[in-house]
Each structure stands twice: as structure tokens, then as C-alpha cells.
Amino acid sequence: MDIPFQTKQEDSDSDLEINPLNVFLQDDHNDDDEDQMRLLATEEENLGGGTGYKQEQHYLHSIKTSVVIRQLPCQGLSFQLWPAATTLVNLLDHHHKSSNHIRTPLSEFCLCRRILELGSGTGLAGIAAAAILSSSCVITDLPHVLPNLQFNADANSTMLLSRGASVNVAPLRWGDKDDMELVGREFDIILGSDVVYYDYLYDPLLQTLRFLLEGDEKDTSQAAPVFLMAHLKRWKKDSVFFRKARKMFNVEVIHTDTPNLGCRIGVVVYCFSGKKKQPPARGMNSLQ
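Fair warning: this is a prediction, and the values are worked out from it, not measured in the lab.

S.K.: Before we move on, could you go through the sheet that holds strand E8 (residues 249-256) and cite the residues and values that matter?
M.R.: Read across the sheet, seven strands follow the order E5-E4-E3-E6-E7-E9-E8 without closing on themselves; strand pairing throughout is mixed. The sheet is open, and its two borders are formed by strand E5 (166-171) and E8, each paired with just one other strand. Neighbour-to-neighbour, the strand axes of the sheet open up by a mean angle of 20 degrees, direction not taken into account. As paired elements, strand E7 (residues 226-231) and strand E9 (residues 268-274) share five bridges and run antiparallel to each other. Bridged to Phe227 within E9 is Phe272.

S.K.: Lay out the pairing of E9 in plain terms, naming residues and giving numbers.
M.R.: Counting buried positions along E9 yields five of seven residues, so the element is predominantly enclosed. Where E8 meets E9, seven bridges bridge the pair, whose relative direction is antiparallel. Paired with His255 across the bridge in E9 is Val269.

S.K.: Outline the packing of helix H2 (residues 83-97) against helix H3 (residues 124-133), supporting the account with residue identities and numerical values.
M.R.: In a pair of packed helices, the angle between the axes and the distance between the axes together describe the arrangement. Where H2 contacts H3, the two axes come as close as 9 Å, and the packing angle between them is 5 degrees. The pairing of H2 with H3 is recorded here as roughly parallel in orientation. The segment H2 lies against H3, with Leu88, Val89, Leu92, Asp93 and His96 engaging Leu124, Ala125, Ala128, Ala129, Ile132 and Leu133. Of the residues that constitute the contact of H2 with H3, the class distribution is nine nonpolar, one polar and one charged.

S.K.: With reference to specific residues and values, describe the environment of Asp93.
M.R.: Take Asp93: it is sitting in helix H2. Spatially, the C-alpha atom of Asp93 lies 8.3 Å from that of Ala129, the residues being 36 residues apart in sequence. Apart from the residues lying within four places of it in its own chain, the contact partners of Asp93 are Tyr59, Leu60, His61, Ser62 and Ile132. Here the side chain of Asp93 touches Ser62 through a polar contact of 2.5 Å, side chain to side chain.

S.K.: Give a detailed account of the packing of helix H7 (residues 202-214) against helix H8 (residues 238-248), specifying residues and quantitative values.
M.R.: Two elements in contact, H7 and H8, have axes separated by 11 Å at closest approach and are oriented at 25 degrees. Considered as vectors, H7 and H8 are oriented roughly parallel to each other. When the axes of H7 and H8 are compared, the crossing they make is right-handed. Here H7 contributes Tyr202, Asp203, Leu205, Leu206 and Arg210 to the contact with H8, which in turn contributes Asp238, Val240, Phe241, Lys244, Ala245 and Met248. Here the contact of H7 with H8 is composed, by residue class, of seven nonpolar, no polar and four charged.

S.K.: Describe the packing of aromatic side chains, naming the residues involved and giving the relevant values.
M.R.: Applying the stated rule across the entire model yields ten aromatic pairs. Ring geometry for Trp82 against Tyr197: centres 4.9 Å apart, planes inclined by 80 degrees, an arrangement best described as edge-to-face. Here Tyr197 lies in the loop between strand E6 (189-193) and H7 and Trp82 lies in the loop between strand E2 (65-71) and H2, a separation of 115 residues in the sequence. Residue Trp82 shares its accessibility class with Tyr197, and that shared class is buried. Linked through ring pairs, Tyr202, Phe227, Phe241, Phe242, Phe249, Tyr270 and Phe272 together constitute an aromatic cluster. Seen from the ring of Phe211, Arg185 lies directly overhead, with NZ or CZ sitting 3.9 Å from the centre. Here the guanidinium or amino end of Lys237 rests over the ring plane of Trp235, the centre of that ring lying 5.0 Å away.

Definitions and cut-offs
- Counting restarts for each chain: residues are numbered from 1 in the order of the written sequence.
- Two thresholds apply to this predicted model, a pLDDT of at least 70 for residue-level local features and 80 or more for giving and counting side-chain atom pairs, whereas whole-chain, interface and lining totals are computed over all residues.
- As a rule here, side-chain values come from all non-hydrogen atoms in the structure, and water together with hydrogens is ignored.
- The criterion for strand pairing is that DSSP finds at least two bridges linking the strands in question.
- By definition, any uninterrupted DSSP run of H or I lasting at least four residues is a helix, any uninterrupted run of E lasting at least two residues is a strand, and each is numbered from the N terminus.
- Between N-to-C directions, angles span 0 to 180 degrees; the directions come from axes that are lines fitted to C-alpha atoms, helices contributing only their stretch in contact.
- Note on classification: 1.4 Å probe, protein chains only; a residue is buried when its accessible area is under 20% of the maximum for its type, exposed when over 50%, partly exposed between these limits.
- When describing relative orientation, an angle under 35 degrees is termed roughly parallel and one over 145 degrees roughly antiparallel, while 65 to 115 degrees is termed roughly perpendicular and anything else oblique.
- A contact between two residues is defined here by any heavy atoms of the two lying within 4.5 Å.
- Only Asp, Glu, Lys and Arg are considered charged, only Ala, Val, Leu, Ile, Met, Phe, Trp, Tyr, Cys and Pro nonpolar, and every remaining residue, Gly among them, polar.
- N or O atoms closer than or at 3.5 Å make up a polar contact, with two conditions inside protein: a donor-capable atom paired with an acceptor-capable one, and, for residues adjacent in sequence, both atoms drawn from side chains.
- What makes a crossing left-handed is the near helix being turned counterclockwise from the far one by less than a right angle; a clockwise turn instead makes it right-handed.
- Only the six-membered ring of Trp is used, alongside the rings of Phe and Tyr, when aromatic pairs are assigned; centres must lie within 6.5 Å, and planes under 30 degrees apart are stacked while those over 60 apart are edge-to-face, with the rest tilted.
- Lysine NZ or arginine CZ positioned within 6 Å of the ring centre and within 35 degrees of the ring normal marks a charge as sitting over the ring.

In short, shape yes, function no, at least from these values alone.
Here it is, written out as C-alpha cells:
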């Protein structure tokens, strides 16, 4: 089913506490450590924590095929499918299905060559993007998550090959210089879904995005990539991340999901792009 599209709208950065998956846990006071642990426990329960594994098929209407994904809820949140990943996949699927003359929220972006996914989790978004766009994609996460990521990449290898697509798995610890250099910068589009969650990871994530979006100043032959991030706001402190991000990047809302029945907000998709550096002021060289 195609998802409805709405016009662009600004993120309000309100102080509402949005709990995981819009479970109605009515806490309007400060989100201290105790509150966060309660919400994390609720997230585990609603994503299926405590079960052995779940294997699901996600049908892609634009290419009439399915992506098979294994989740391992008993191993933690990184091994489960989060709602924003589905939004990102639906957005790509709808874009590819649309005729060339029909504009979608993704019409302005180069979506046909090299893709990187940050914080891939189960890898659904990156694998689906590679298949839909017949592209190469590198899906990344913490080292302990990679075996399941590789399992899901291998499970879809025949389908990917038939689409002329490829998926590689790599470790990428945000803010780690060695990991960032190993992955490199040669990407046209960077994807992420539900990656803004723990506040102690805000700065490492922003450092990684700066490395990827600002590119190599010595290489002017390559157009700078953009970061498409699907995000479901859960915490008041999410606003801190966006305030920091807007100082470093151009941040624009390109799509907002209609909230599910009984929910207050839907998943929002943002586009991050590097800010163009201002040329030196006239006369500056003459003063040196």
C-alpha cells in the first residue's frame, strides 16, 4: 500500500515526551535515568523482546519482490526492526514506483549509485534501498551487530543479484576515526533510521556526519552527499541533537508520516546537507 505524502513542514522541537513506538506511558516530568530505563523496557517489550527470533518478509511493490529480514529480539534493540526503517523503505518504494513526471519527496536526490546506511540494525532499509535502486550499499553498525547484518545480506543475495545490486557489511562506530576512514566518503546518499536515541551518541553521530557530508576538500570532482534520516521523536532531549545539527548542516523536513491511530505524531524524514563554506571577505588577503 502506498503511503500518503504531506507537504513539507518544520520540526517544532516541542518539549513533549514521545515514548517509544507511541506506547501510552504518560510521563510529562523530566526524563531522568529512571524514566529512560522504563521506556527502554517498554521498547523491548513492544518490539518483541524475550523471544528467540522472528523472520519477516517485506514486500516491495515497485520491484514486485520481497526482502527477508531476521530479527533477534532477545539480543537487544539493535537486532529488531524499528518503525522509522519501514517509513524509509516505503518512501523509496513509492518513489521508484512513481512515474518520472510525478514528483515525490525524493525527486531532488541522486538515488542510483552508492549508498551508505548508518546504524543499520537489521539492515532492512539498506538492503531494500539497494534492491529498489539497483545500487551498491554498505550497511554498518557496531561489531557485535554485524553477524546478523551479514545473515540478512546473505539471505537476500540471490534477489539482490537479480536486481544488479550488492550489499556489503562493515563496522562503523560513530566518531571512530579508523572506522570512518575504512568506510570512506565515496557515497551519493547516506541513510539512517531511528539513529537519534541515546544522548551520549549525539556528538559521535554528528562527528561522523561531518566526516561524510563535508567530504574531502581536495577532491572537487565528487558532489557532496546528503543524509536522509527517518526519525520518530521519543524524548524531549531529541531537540538538543537537532539544535546542534542545524549549526553544522542544512536540515530540512522532506516528509512526515500521518500518525497511526491513537498516536500523537508520525515518523519524520529529514535531509541533512553540508553548509557551503563562505568565501573570504574582500580585502582580507591584502591585510595579511
